[in-house]
Every structure is written in C-alpha cells, then in structure tokens.
Amino acid sequence: MTTPLPRSHPRVVPREGMPAAVTVYEVGPRDGLQAETDVIPTAVKSELCARLFAAGTRALELTSFVPPSWVPQLADAHAVVASVRPPEGARAVALVPNRRGFEDALAAGVREVAVVVSATDAFARANLNTDRAGSLARSAAVVTDARAIGIPVRGYVSMAFGDPWEGDVDVAAVVDAAAELYGAGCRTIALGDTIGVATPGDVERIVDAVEDAGVPRSALALHLHDTYGQALANVLAGLQSGVTEFDSSVGGLGRCPYAPGATGNLATEDLVWMLEGLGIRTGLDIAALARTSSWLAGVRGRPHVSRVAAALTRTPPELSEEPSV
Ligand code: HMG
Ligand code: MG
C-alpha cells in the first residue's frame, strides 16, 4: 500500500460575509529575523525577500532602520534594501522608530515606512526608550515628514491586547493611539498583539472601539503573534469584523526582543491555508511559501513552527531543504 499524499490545498468552502480578497502583509524579514540568536547573513535575507516576492508576496516588510545597539540582527538594513528587487506594484516597507531611521530609510531608497507606538508606558520604555505619549509624538513627527513628500506610512499600535508588565491594556489607550496615528496621516493602522494573548472576542471589541473613534475598518490590519495559539482564531474574528489586512511571518518566525514572553508571528502558510479554504484570494503560492519556510529552517539550523509548511513539505518541521547560501 502506498502512503497517502497529504492535501496540497484545502477544500474551498466559502462562508457568507467574508471578503473576496485580503492583503497578507509579510513581516518575516523584519519581525521574523530581529530576535534571531545568530545574525543572518545579508545574502540570506536578500534571498528570503526574493523567494517571498516570487511566491506572490505583494506587501513585504524588508527590515528596520534602528540603531545596531538596539537590534544588531538588522544592522545591514541599507544592504538588504539595496539588494532587493520588488516586482512592479509590490510594497517594500521598512520599519523606522524615529526621524533618524526615516531619513536613513529614504537614503537607502525605501518608499514606504512603518512607525511603531506602544499603547502602554511600560513597553514604550522598554522598546522605544520613551513613554506612551513620547512614542506617539515621535511617530507623528515621522508621519508629518513622510506625508510632506508623499511617502505612505503604516502605524503599528503595539501591546494593543495585553502587556507583560501592565497586564490588561486599557481599551481607551489603544483607541487613542490608533486614532492619533490615523489622524496624523497613517494609511493603515496595524493593531499589534505583541505577546500573542488576544482571543476572538477581544479582537472584535478592539476593532469596534477603534472604528467608533473614527478609524475605518478598511484602514485596519491585525498583527498577531501566536504565543498562545490563538492567532488563526483571531484572524477569523478579524475577518468577521471587516478587517482585510493580516500580518504574518513565513515559518512563524519572529518576536520583539523587548517583549518578554513573546513568540513568533502567525505563520504565513497557516494563514494562507485558512484563507484559501474560505475562498479568500491572497495571490500567494502556498507550496512556494512552504518551500521557503523549509529552506529558511535549514539555513537557520532550527525548526520552523508552521504546521502547514510541515505537512506540505512532508517533513517534520526540523527537516528541510539544503541551504543554498
Ligand atoms: P535611544 O537610545 O533613546 O536613541 O533609542 P537616541 O535618540 O538617544 O540615540 C542614541 C544613539 O543612536 C545616537 O548615536 C543616535 O544618533 C543613534 P550616538 O550619538 O550615541 O552616536 N540613533 C540611530 N542610529 C541608527 N538608526 C536610528 C537611530 N536613532 C538614533 N534610527 C530608539 C531610541 C527609538 C532609537 C530605540 O529605542 C529603538 O531603536 N527602538 C526600536 C527597537 C526595535 O526595533 N524593536 C523591535 C521593533 S518593534 C516590534 O517588533 C513590534 C511590532 O512588531 C508590532 C507588534 O508586534 O505589536 C512592530
Ligand atoms: Mg511584532
């Protein structure tokens, strides 16, 4: 008897009330690699970006322009940006924590940036060396500069669902931060579950509250870490609440080095499998993503955590393609 093949695609069973298509915003090269134990060579980062674009990614966060003393893993931001050739129409974004990062990103050729604020004082201090209000003022200054020259800005509100020091986060603090970033001119507001503690009811509650404050659902994205295994359920809640942009990381890599207890982002392959099953278009090639995940696991010498990638490559997560760089 031959071994049965695993499915290569889910059965498509559309549900009412779902969008026809969504944006999958890939954060693997930035969030995915920023807390790696070993620094990944620039050539690997560059190949990762190329593989992701080839797999259909059209919104990719390449890196961040931060001091190497804060994030040594991304000290090669200029070189990464210079080496990447995004396809026509693709978004190639860099995270910038302040004006200096914005200017460096522009000089490197970046044409879309992301800023980050914290809904809590504790994480603002740990991650940005300021308080909540300071993080907002700093980001708003970048948004003003960027708008003046036509550069689109994505605004992250981190710790939107829970904070390792402060516990439950005041909804009003999240709403105010989101509304302020949107009012300043951010095109998209990404609500960040930085430590992965949200549950679906929480997602609905925050999305509703943010919309009530004047940020349309069409301008919202969900940035979900999967620490407690709730990220896919939270995406479904987001879809039901009218959100159409979701962040994920190939292989489920990533975490903020300044957020204790956090683990990786929702794996892109797992996200795309569910979206495909719901009949929602993403433009992504799930097999190519799984191969990329497997390749990266080989290069890093560490397992990826995507169940879907493991199933599609018919390997346990720790096995993978030979590294090519
Ligand atoms: P600071 O130490 O207060 O910075 O850090 P400073 O303004 O006092 O400057 C200190 C030195 O760094 C100066 O150099 C500056 O010129 C230089 P010196 O005079 O000592 O020679 N400097 C820079 N160099 C390069 N690039 C820059 C830059 N800025 C200043 N951009 C700072 C403040 C914001 C810089 C720091 O706190 C920082 O970089 N924080 C970011 C840390 C980070 O990258 N965390 C991970 C990303 S956020 C995340 O993962 C969450 C997210 O995924 C959403 C979610 O999950 O919810 C987005
Ligand atoms: Mg993150």
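Because the structure is a prediction, the values reported are computed rather than measured.

Rules and cut-offs
- Residues numbered from 1 in each chain as written.
- Chains lettered and ligands numbered in written order.
- Predicted model: local features only at pLDDT ≥ 70, side-chain atom pairs only at ≥ 80, totals over all residues.
- Heavy atoms only, no water.
- Axes fitted to C-alpha atoms, helices over the stretch in contact; angles between N-to-C directions.
- Helix = DSSP H or I, 4+ residues; strand = E, 2+ residues; numbered from the N terminus.
- Parallel < 35°, antiparallel > 145°, perpendicular 65-115°, else oblique.
- Left-handed = near helix turned anticlockwise from the far one by under 90°.
- Contact = heavy atoms within 4.5 Å.
- Nonpolar A, V, L, I, M, F, W, Y, C, P; charged D, E, K, R; others polar.
- Donors = N, O, S within 2.8 Å, 3.2 Å for Na, K, Ca; no water.
- Buried < 20%, exposed > 50% of the residue type's maximum accessible area, 1.4 Å probe, protein only.
- pLDDT = per-residue confidence, 0-100.
- Phe/Tyr/Trp six-rings, centres within 6.5 Å; stacked < 30°, edge-to-face > 60°.
- Lys NZ or Arg CZ within 6 Å of the ring centre and 35° of its normal.

Asks: Can you help me understand the packing of helix α6 (residues 132-148) against helix α7 (residues 171-184) in this one?
Replies: Between two packed helices, what matters for the description is the angle formed by their axes and the separation of those axes. Two numbers describe how α6 lies on α7: the axes approach to 9 Å, and their chain directions differ by 20 degrees. Taken together, the axes of α6 and α7 are roughly parallel relative to one another. Regarding α6 and α7, the two cross each other, and that crossing is right-handed. Taken together, the residues of α7 that come into contact with α6 (itself represented by R132, L136, S139, A140, V143 and R147) are A173, D176, A177, E180, L181 and A184. Taken together, the residues of the contact of α6 with α7 sort by class into seven nonpolar, one polar and four charged.

Asks: Please clarify how the coordination of the magnesium ion (ligand 2) should be interpreted in this entry.
Replies: Octahedral metal centres with six donors ideally show angles of 90 or 180 degrees, and tetrahedral centres with four donors ideally show 109.5 degrees. The coordination sphere of the magnesium ion (ligand 2) contains the protein donors D31 (OD), H223 (NE2) and H225 (NE2), at a distance range of 2.0 to 2.2 Å. The exposure class assigned to D31 is buried, which follows from its relative accessible area of 2%. Of the residues examined, H223 reaches a relative accessible area of 5% and is grouped as buried.

Asks: Is there a simple way to think about the confidence of the model for the chain in this case?
Replies: Any region with low pLDDT has predicted coordinates that should not be read closely. Taken residue by residue, the chain gives an average pLDDT of 95. The fraction at 70 or more is 95%. Within the model, the stretch residues 316-320 combines pLDDT values under 50 with nine contacts to residues more than four positions away or in other chains.

Asks: Help me understand the packing of aromatic side chains, please; the structure alone is not making it clear to me.
Replies: The way to describe two aromatic rings as a pair is by their centre distance and the angle between their planes. Here the structure, examined in full by the defined rule, presents one aromatic pair. One cation-aromatic arrangement involves R154 over Y25; the distance from NZ or CZ to the ring centre is 3.4 Å.

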